[in-house]
Amino acid sequence: MFSVGIAGATGYAAGELLSILAGHPELEPALLCAGTSRGKLRDFHPHLRTYADLEVEETNARRLARNDVVVLGLPHAHAGKIAADIEAENPRCRIVDLSADHRLENEADWHAFYPGDYYGSWTYGVPELLRRDGPSHRERLKQAKNIAAPGCNASAVIFATQPAVAAGLTDGTGITATLAVGYSGAGKTPKPNLIFSEAIESAAPYKVGGTHRHIPEIAQALRTAGGVTRSLSMTPILVPMSRGIVAVVTIPLRDAVSADDVENAYRNAYENEKFVQLCDAPPSTGLVRGSNAALVYATLNRDGEAITAVCAIDNLMKGTAGAAIQSLNLALGLDESTGLKQNGMAP
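Residues numbered from 1 in each chain as written. Predicted model: local features only at pLDDT ≥ 70, side-chain atom pairs only at ≥ 80, totals over all residues. Heavy atoms only, no water.

1. A look at the packing of helix H6 (residues 152–166) against helix H9 (residues 259–270)
Reasoning step 1: Viewed as axis vectors pointing N to C, H6 and H9 meet at an angle of 115°, and their least axial separation amounts to 8 Å. Classified by the angle their axes make, H6 and H9 are roughly perpendicular. Crossing hand, H6 versus H9: right-handed. Contact with H6, carried on its side by Ile 158, Phe 159, Ala 160, Thr 161, Gln 162, Pro 163 and Ala 164, involves Ala 265, Tyr 266, Ala 269 and Tyr 270 of H9 and no other residues of that element.
Reasoning step 2: Tallied by class, the residues present in the contact of H6 with H9 amount to nine nonpolar, two polar and no charged. (Axes fitted to C-alpha atoms, helices over the stretch in contact; angles between N-to-C directions. Helix = DSSP H or I, 4+ residues; strand = E, 2+ residues; numbered from the N terminus. Parallel < 35°, antiparallel > 145°, perpendicular 65-115°, else oblique. Left-handed = near helix turned anticlockwise from the far one by under 90°. Contact = heavy atoms within 4.5 Å. Nonpolar A, V, L, I, M, F, W, Y, C, P; charged D, E, K, R; others polar.)

2. Focus on the sheet that holds strand S1 (residues 2–7)
Backbone-to-backbone hydrogen bonds pair the strands of a sheet. The strands run either parallel or antiparallel.
Reasoning step 1: Taken in spatial order, the eight strands make up an open sheet running S3-S4-S2-S1-S5-S6-S8-S7, and their pairing is mixed. This sheet does not close on itself; its edge strands, each paired only once, are strand S3 (39–40) and strand S7 (123–124). (Pairing = 2+ DSSP bridges.)

3. What to know about the UniProt feature "active site" (unreviewed entry) in the protein
Reasoning step 1: Taken from the UniProt record, the annotation "active site" (unreviewed entry) applies to Cys 152.
Reasoning step 2: Looking at the element boundaries, Cys 152 is found in helix H6.
Reasoning step 3: With sequence-adjacent residues up to four places away left out, Cys 152 is seen in contact with His 214, Ile 245, Ile 313, Asn 315, Gly 319 and Thr 320. (UniProt positions renumbered as here; feature names shortened; annotations may be inferred.)

4. Topic: the environment of Tyr 12
Reasoning step 1: Position of Tyr 12 among the secondary structure elements: in helix H1 (residues 12–21).
Reasoning step 2: The class of Tyr 12 is partly exposed, set by a relative accessible area of 36%.
Reasoning step 3: Separated by 172 residues in sequence, Tyr 12 and Ser 184 have C-alpha atoms that sit 7.1 Å apart.
Reasoning step 4: Beyond its immediate chain neighbours, meaning those up to four positions away, Tyr 12 contacts Ser 184, Gly 187, Lys 188 and Leu 316. (Buried < 20%, exposed > 50% of the residue type's maximum accessible area, 1.4 Å probe, protein only.)

5. Points about the side chain of His 102
Reasoning step 1: Assignment of secondary structure puts His 102 in the loop between strand S6 (94–97) and helix H4 (107–113).
Reasoning step 2: Note on His 102: relative accessible area 2%, which makes it buried.
Reasoning step 3: Look past the residues within four positions of His 102 in its chain and what remains in contact with it is Gly 80, Ala 83, Asp 97, Tyr 119, Gly 120, Ser 121, Trp 122 and Ala 148.

6. Here's the deal with the UniProt feature "domain: Semialdehyde dehydrogenase NAD-binding" (unreviewed entry) in the protein
Reasoning step 1: Using the residue numbers shown here, the UniProt feature "domain: Semialdehyde dehydrogenase NAD-binding" (unreviewed entry) corresponds to residues 3–137.
Reasoning step 2: Strand forms 21% of residues 3–137 and helix 24%; the C-alpha atoms that close the span are 25 Å apart.

7. Notes on the packing of H1 against helix H10 (residues 317–331)
Reasoning step 1: The interhelical angle for the contact between H1 and H10, taken along N-to-C directions, is 50°, at an axis separation of 9 Å. Classed by the angle they form, the pair H1 and H10 counts as oblique. Where H1 crosses over H10, the two elements pack in a sense that is right-handed. Along the contact surface, H1 presents Ala 13, Glu 16, Leu 17, Ile 20 and Leu 21, while H10 presents Met 317, Thr 320, Ala 321, Gly 322 and Ile 325.

8. Structural notes on the pairing of strand S15 (residues 306–313)
Reasoning step 1: Where burial is concerned, most of S15 is hidden: eight out of the eight residues are buried.
Reasoning step 2: Burial along S15 is two-sided: Ala 306, Thr 308, Val 310 and Ala 312 facing one way and Ile 307, Ala 309, Cys 311 and Ile 313 facing the other are all buried.
Reasoning step 3: Pairing of strand S12 (residues 245–252) with S15, which is carried by eight bridges, proceeds in the antiparallel orientation. From the neighbouring strand, Ile 245 faces S15, where its bridge partner is Ile 313.
Reasoning step 4: Sheet topology note: the strand S14 (residues 294–300)/S15 ladder contains seven bridges and is antiparallel.

9. Section: the pairing of S12
Reasoning step 1: Pairing analysis gives six bridges linking strand S9 (residues 176–181) to S12, with the strands arranged antiparallel. Paired with Ala 180 across the bridge in S12 is Val 246.

10. Observations concerning the environment of Leu 41
Reasoning step 1: Considering the arrangement of structural elements, one finds Leu 41 in the loop between S3 and strand S4 (55–58).
Reasoning step 2: Given the relative accessible area of 0%, Leu 41 is considered buried.
Reasoning step 3: Spatially, the C-alpha atoms of Leu 41 and Ser 258 are 54 Å apart, while their sequence positions differ by 217 residues.
Reasoning step 4: Leu 41 has contacts with Ala 9, Leu 18, Leu 32, Leu 48, Tyr 51, Ala 52, Leu 54 and Val 56, leaving out every residue within four places of it along the chain.

11. Quick notes on the pattern of salt bridges
Reasoning step 1: The tally for this structure, following the rule as stated, stands at 15 salt bridges.
Reasoning step 2: It is possible to trace a salt-bridge network through shared partners that takes in Glu 16, Arg 243 and Asp 314. (Salt bridge = Lys/Arg side-chain N within 4 Å of Asp/Glu carboxyl O.)

12. A look at the domain arrangement of the protein
Reasoning step 1: When its domains are assigned, the protein resolves into domain 1 (2–149 + 319–332) and domain 2 (152–313).
Reasoning step 2: Here the C-alpha centre of domain 2 lies 24 Å away from the C-alpha centre of domain 1.
Reasoning step 3: Taken together, the contact pairs 28 residues of domain 1 with 33 residues of domain 2.
Reasoning step 4: When the buried surface of domain 1 facing domain 2 is broken down by residue, Tyr 12, Phe 113 and Leu 130 rank first, second and third, together holding 27% of it.
Reasoning step 5: Connecting domain 1 to domain 2 are three salt bridges.
Reasoning step 6: The partner of Glu 217 in a salt bridge is Arg 103, with the nearest N and O atoms 3.3 Å apart.
Reasoning step 7: The tally of links from domain 1 across to domain 2 stands at twelve residue pairs in polar contact (both at pLDDT 80 or more).
Reasoning step 8: Breaking the side of domain 1 that touches domain 2 down by element, the ones donating at least two residues are H1, H4 and H10.
Reasoning step 9: Tallying contributions element by element places H10 first for the side of domain 1 that touches domain 2, with five residues. (Domains from an automatic or database assignment. Buried area = accessible area lost by both parts, 1.4 Å probe. Polar contact = N/O pair within 3.5 Å; in protein donor to acceptor, adjacent residues only side chain to side chain.)

Right under this line is the structure:
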């Protein structure tokens, strides 16, 4: 068994991670930490009865570093500092960062979208990431000591878009993405616009006009796949559901292509994937709720000038905790599907 320390253990992402660990044969939570929350885990995650009696303690880098693995479920611009402290204390400890602090390879991108210091980039936690050059991303994760888990909105757009880029159907410019997003993506911090009376029977766009923090992350992934993307239009919309993302992405085409070209590009990218699966019709979030699956549909527009691609994921699973565990499994030499579910919940 690998011992796991978790910082930010009372948040939604860490709660989902603990839910996965409850069914994982090789990973065992040994230390739970939080910024100000104290008490039994049942006080913060009453649904996690497996670990109800575990204590939530003060965040302490020295104590966290005694574990084989540390997962940081901390806010952006906070995880990087404690990660550095853990590495100084125990260089052999593997760290998985659920925040954005280690996702971006370009320091200028970080400062353009995030506050605080730049802490460098770690191996991106998406095993299915397509790479134009060098070894596959799975091979990179197998060699990784530290992993940067992906952003949930970024994951949905990347899965919908990267096959077209990798196949040369587009260079990645002019992409437009609109996403319906569940409220758990905003975290547990109470805010007036997130309360039930404001959210119910309402759809609320946010971070419009190219300001969303996941934009440079998506562009970075599409450049890895062979595109020239520096930016894109991305508009997320909060809708009254607790979890899930469905991304609808319009991908302008560089040259004339056929419907078969589109089908082949997406089949070649995903036909051997366990968790990223192609659909014959646009998927809904209900099909992936509670699972590590990403469902993708792509079609050539009627005018032949663009592809419309749709991806549905559970933002807390394939968008965060599930992707983190899948990547960690590879880094630890385990089967990457260990502890993870393909099937969603119904109804």
